[in-house]
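Residue-level structure breakdown
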Amino acid sequence: MKTKKIGFIAGILVALIIHFLPLQGIESAGQTCLALTLMTVVWWATQVAQSGYVGGIYLILLIVLGVAEPELVFKSWTGSTMYLIIGAYLIASAVKDSGLGERIAYAFIIKFVRSYRGILISIFVLTFIMSILIPHPWPRAFLIMSVMAVVVKSAKMPKEDAVKVGFTVFAASVPVSLIFLTGDSIINPLAVANSGVDLDWLGWFKVMGLPAIVASVLTLLLILVLFKPSKELEINLDEVKEKQNSLGPLSTLEKRTAVWLVIAIVLWATDSIHGINIGWVTLGVAMFMSMPVIGEVLTAKSWGEVPVHVLIFLTSAMTIGTVGGATGMNEWLAKTILPSTIPNNPLVLAAFIALIAMIIHMFMGSVIAVMGVAIPALMAFTSPMGINPLVTTLIVYTAVAIHYILPFHHLNMLVGQGEENGMYTQKETIRLGIPLTVVVFIVTVLVEIPWWKLLGML
């Protein structure tokens, strides 16, 4: 509570200082935007209140203080991104509540898993499979965690090894979520929106699929090296089969859910052919899943699975870049903070951008907030040199989306922390997070740059 009070006061002081400083080269609206943005960042970093409340204050102040018109502040709601997120939450809820996801996970475990090493590998494979079916990492991770709890129990696994399994479930959700555009229906579309480049489902997979797969494999290898079992395990598959049998035959609800998932996946993969934006596809599928005769999968209660505070938080994070660009804040930050010359070597440039992004991430914590601040500033820095804005955006995104040191640096790791969730503590996160820093540079410099050169993006 003391930290929250200090953070609250510090944020206000930062805003007042920036607002009244005689800054050169920035207009009044841009300076006010900078003051409010830094105040919001301090509040997010010190967690003075739930992120949605902090973001809501930021949005209101931008309008009340005349920094921007409501149409600009809430511009994100005039596109498809926010509706994609709403639809994704509803679809994820349907897969989880119908029991379909759990049935698939048990079938996979029974067929392929026989050892501790196999358990960890299966977590990554299941996360990959489920990332196609469930377009949000949190319900996906908790679903897999519920299955792994049965495996842990059947193997009579020691507590220290059970913690390693729980940690792996949520650690796997970080890099694997980047493989498909709908793997994380919040931050992946947000990255595309920030770049200003139109990228469809297959386009994302072509550009980010390989780097994300490499990041996933390297993360798995690190976990296998750093989190070895205390003893050899023997899994009692009969207990897992008993749990599977308790689900009974495939229900009508599961069949309908499966049909709509197939429809969604086909429409996602062919959006470049039919021309319907992936956001409208996702929301449309979710809406039809509630209809009589053809749906009845989602109910009125399903709306409770859509977190309003996350939508407000996302709106505020996206607005930082939008209003910052309109008021000149982004350009001023790029000119003031970043060097005047850009490295000519694309490998050095990638390392530089990744380093800047990670440093900002360490202080700000939130992946979304860092994207809102760092991407517009770095795009203003690299665009005059003719660098593809998608390249700059995705380097920043990769650097912050697959990396963390502390749990608060990535929400996927934060939601899994605790005895009642993934069973792990901050200690396990730090142990993996530090070597993950090297993985960021391997992926951004040695994988993304050569791959994107082959694709003609550089």
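Being a predicted model, the structure only gives us computed values, none of them experimental.

The subject of this paragraph is the overall build of the chain. A tally of regular secondary structure across the chain gives 22 helices and zero strands. Relative to the 2.2 N^0.38 estimate, which gives 23 Å for 458 residues, the radius of gyration of the chain is 22 Å and therefore close to what a compact globule would have. Its C-alpha atoms give the chain principal-axis dimensions of about 70 × 50 × 50 Å. Within the chain, the proportion of its 458 residues that are buried is 55%. A fraction of 80% describes how many contacts in the chain between residues 6 or more apart in sequence connect residues 24 or more apart. Just so you have it, the chain exposes about 19,000 Å², and 67% of that area is on carbon and sulfur atoms.

To continue, consider the packing of aromatic side chains. Throughout the structure, instances matching the rule amount to 15 aromatic pairs. Centroid distance F142 to F170: 5.3 Å. Interplanar angle 75 degrees. Geometry classified as edge-to-face. In this pair, F142 sits in helix α8 (residues 137–154) while F170 sits in helix α9 (residues 159–176), placing the two residues 28 residues apart along the sequence. A relative accessible area of 34% means that F142 is categorised as partly exposed. With a relative accessible area of 0%, F170 lands in the buried category. When the centroid spacing of 5.3 Å and the interplanar angle of 5 degrees are considered together, the rings of F180 and W201 count as stacked. Placement of F180 in the loop between α9 and α10 (187–195) and of W201 in helix α11 (residues 201–226) is noted, with a sequence separation of 21 residues between them. Comparing F180 with W201 shows no difference in burial state: the two are buried. When the ring centre of F227 is taken as reference, the NZ or CZ atom of R431 above it lies at 5.1 Å.

A rise of 1.5 Å per residue sets the reference length of helix α16 (residues 308–327), with its 20 residues, at 28 Å; its end C-alpha atoms lie 28 Å apart and thus fit the reference within 8%. Of all the bends in α16, the largest measures some 30 degrees and sits at T319. Burial analysis of α16 places 14 of its 20 residues in the buried class, the great majority of the element. Once α16 ends, the next one or two residues include G328, with phi positive near 90 degrees.

Core analysis: the largest hydrophobic core is formed by 163 residues, its most contacted members being I119, M148, V165, Y397 and L432. The element best represented in this core is helix α19 (residues 367–382), accounting for 12 residues. Setting aside anything within four residues of it in sequence, one finds L432 in contact with F167, A171, T219, L222, I223, L226, F227 and Y404.

A few words now on unusual backbone geometry. Its identity as a non-glycine residue notwithstanding, K156 has a phi of 50 degrees, on the positive side. Take K156: it is sitting in the loop between α8 and α9. In the Ramachandran plot, E296 falls in the positive-phi region, its phi being about 60 degrees despite a non-glycine side chain. As for its placement among the helices and strands, E296 is situated in the loop between α15 (278–288) and α16.

Thresholds applied
Residues numbered from 1 in each chain as written. Predicted model: local features only at pLDDT ≥ 70, side-chain atom pairs only at ≥ 80, totals over all residues. Heavy atoms only, no water. Helix = DSSP H or I, 4+ residues; strand = E, 2+ residues; numbered from the N terminus. Rg over C-alpha atoms; globule rule 2.2 N^0.38 Å. Buried < 20%, exposed > 50% of the residue type's maximum accessible area, 1.4 Å probe, protein only. Contact = heavy atoms within 4.5 Å. Areas by Shrake-Rupley, 256 points an atom, 1.4 Å probe, with all protein chains shown as cover. Phe/Tyr/Trp six-rings, centres within 6.5 Å; stacked < 30°, edge-to-face > 60°. Lys NZ or Arg CZ within 6 Å of the ring centre and 35° of its normal. Expected span 1.5 Å × (residues − 1). Bend = angle between axes of the 7 residues up to and from the residue. Core = buried A, V, L, I, M, F, W, Y, C linked by side-chain atoms within 4.5 Å.

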